[in-house]
Amino acid sequence: YLRGAPETTKYARFRAMGERHGRDWRAWPDRPSAIDPRTVALHEYAQWRLHRDLTALRNHVAERDGLLGLDLPLGTHPDGFDAWRRPELFAPAVSVGAPPDMFFPSGQNWGFAPQLGSAAIASGYDYFIDSIRNHLRHSTLLRIDHVMGMRRLFVIPDGMGPEDGIYIEYHVEEMLAILTLESVRNRAQIVGEDLVPVPE
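Below is a short write-up of the structure. Here the structure is a predicted model, which means the values were calculated and not measured.

## Brief notes about the sheet that holds strand β4 (residues 141-144)
Here is step 1: On the basis of which strands lie adjacent, the open sheet formed by three strands has the order β1-β4-β7 and parallel pairing. Two strands close off the open sheet at either side, each with one partner strand: β1 (69-72) and β7 (189-192). Strand-to-strand, the axes of this sheet are offset by a mean angle of 25°, without reference to chain direction.
Here is step 2: Pairing of β1 with β4, which is carried by four bridges, proceeds in the parallel orientation. Following the sheet pairing, leucine 72 is matched in β4 by isoleucine 144.
Here is step 3: The strands that helix α5 (residues 126-136) touches are β1 and β4; relative to β1, the one it contacts most, it runs at about 160°.

Here you go:
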C-alpha cells in the first residue's frame, strides 16, 4: 500500500510532528526533529485501514448497483497537511468567506486560504487533479462543495471583515475540463453544490 501511495508516509510524519510540536506547523523548529516511528507507523496504518474499508464499501455498493458518494471540500485547513506540503499554492494573508447577505448580515469568514490561480496553472493543476483522483479511487459519485468556487471566490484580507472582501476569478473552463476528463476516466458522476446563484 505504501509503495503505491508514497504521500501517506509524508502525511504520517506530518501528523507525528504535529503531535510532538503542536498543530501550527509554522511554529515548528526549522531543523527536523526526532519523531516517534511508532506514531508514524500508527498513522500509516490508519490510512491503510481507511483505504481498505472504503474500497470494500465501494465494492459492496457497486454489487448492488448503487453509487458511493464522497464530498470534495472547498478548501483546506491552514494548519493541515496540504497547506504545509504545498504552501506555494495558497494565498497568504487572506481567507475565503462570503459577503454580507440577508441570511448572514455580517458576512462569513471560513478561515482558509484560497488557491493562487497563477500557481495552480503553473503546476498544471496537479493539486486539483490529485484531489479529484484521490476521491475517485473510492467513490462513484463526487459532490463538489460550493461548485462556484471554481469560477470565483470571495476573499477577506486578514484583520478585516467580510464587508471589506473582494471576489477573485479562476479559469473555470480549465477546471471543468479536468473534472470531465477524470469523470470519464473513472466512470464517475460529478455533481455540484449550487449554494449561490449559478449561471446557465
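## Let's talk about the pattern of salt bridges
Pairing of side chains with opposite charge becomes possible as their charged atoms draw close.
Here is step 1: With the rule as written, the count across this model stands at 15 salt bridges.
Here is step 2: We note a salt bridge from arginine 86 to aspartate 126, for which the minimum N-O separation is 3.2 Å. Here arginine 86 is found in the loop between α3 (81-85) and β2 (94-98), whereas its partner aspartate 126 is found in helix α5, with 40 residues between them in sequence.
Here is step 3: Accessibility expressed as a relative area gives 19% for arginine 86, which makes it buried.
Here is step 4: Ionic pairing is found between arginine 143 and aspartate 145, a salt bridge with its closest N-O pair at 3.9 Å.

## Some words on a nonpolar patch on the surface
Here is step 1: Taken together, Tyr1, Leu2, Leu42, Tyr45 and Trp48 make up a surface patch of nonpolar side chains, about 460 Å² in accessible area.
Here is step 2: Classification of tyrosine 1 by relative accessible area gives partly exposed; the value is 32%.

## As for the packing of helix α1 (residues 7-21) against helix α2 (residues 37-63)
Here is step 1: Where α1 meets α2, the closest approach of the two axes is 8 Å, and the angle between their N-to-C directions is 130°. With respect to their mutual orientation, α1 and α2 come out oblique. Helix-helix and strand crossings are classified by hand; for α1 and α2 the assignment is right-handed. Between α1 and α2, the contacting residues are Thr8, Thr9, Tyr11, Ala12, Arg13, Arg15, Ala16 and Glu19 on the first element and Thr39, Val40, His43, Glu44 and Gln47 on the second.
Here is step 2: Of the residues assigned to the contact of α1 with α2, the class counts are four nonpolar, five polar and four charged.

## Things to note about the packing of aromatic side chains
Here is step 1: Counted under the stated rule, the structure contains nine aromatic pairs.
Here is step 2: Between tyrosine 11 and phenylalanine 81, the aromatic rings sit 5.5 Å apart at their centres with planes inclined by 85°, giving edge-to-face as the arrangement. Here tyrosine 11, found in helix α1, pairs with phenylalanine 81, found in helix α3; they are 70 residues apart in sequence, far enough to count as distant.
Here is step 3: On the basis of relative accessible area, phenylalanine 81 is assigned to the buried category, the value being 13%.
Here is step 4: A centroid spacing of 5.7 Å and a plane angle of 45° characterise the contact between tyrosine 45 and tryptophan 48, whose relative ring orientation is tilted. Of this pair, tyrosine 45 and tryptophan 48 both sit in helix α2, three residues apart, roughly one helical turn.
Here is step 5: With relative accessibility at 44%, the residue tyrosine 45 sits in the partly exposed group.
Here is step 6: Look at tryptophan 48 and you get partly exposed, because its relative accessible area is 32%.
Here is step 7: Among the aromatic residues, those joined into a ring-pair cluster are Tyr11, Phe14, Trp28, Phe81 and Trp84.

The rules behind the values
- Residues numbered from 1 in each chain as written.
- Predicted model: local features only at pLDDT ≥ 70, side-chain atom pairs only at ≥ 80, totals over all residues.
- Heavy atoms only, no water.
- Pairing = 2+ DSSP bridges.
- Helix = DSSP H or I, 4+ residues; strand = E, 2+ residues; numbered from the N terminus.
- Axes fitted to C-alpha atoms, helices over the stretch in contact; angles between N-to-C directions.
- Contact = heavy atoms within 4.5 Å.
- Salt bridge = Lys/Arg side-chain N within 4 Å of Asp/Glu carboxyl O.
- Buried < 20%, exposed > 50% of the residue type's maximum accessible area, 1.4 Å probe, protein only.
- Patch = residues over 30% accessible without salt bridge, like charges linked within 9 Å, V, L, I, M, F, W, Y side chains within 5 Å.
- Areas by Shrake-Rupley, 256 points an atom, 1.4 Å probe, with all protein chains shown as cover.
- Parallel < 35°, antiparallel > 145°, perpendicular 65-115°, else oblique.
- Left-handed = near helix turned anticlockwise from the far one by under 90°.
- Nonpolar A, V, L, I, M, F, W, Y, C, P; charged D, E, K, R; others polar.
- Phe/Tyr/Trp six-rings, centres within 6.5 Å; stacked < 30°, edge-to-face > 60°.

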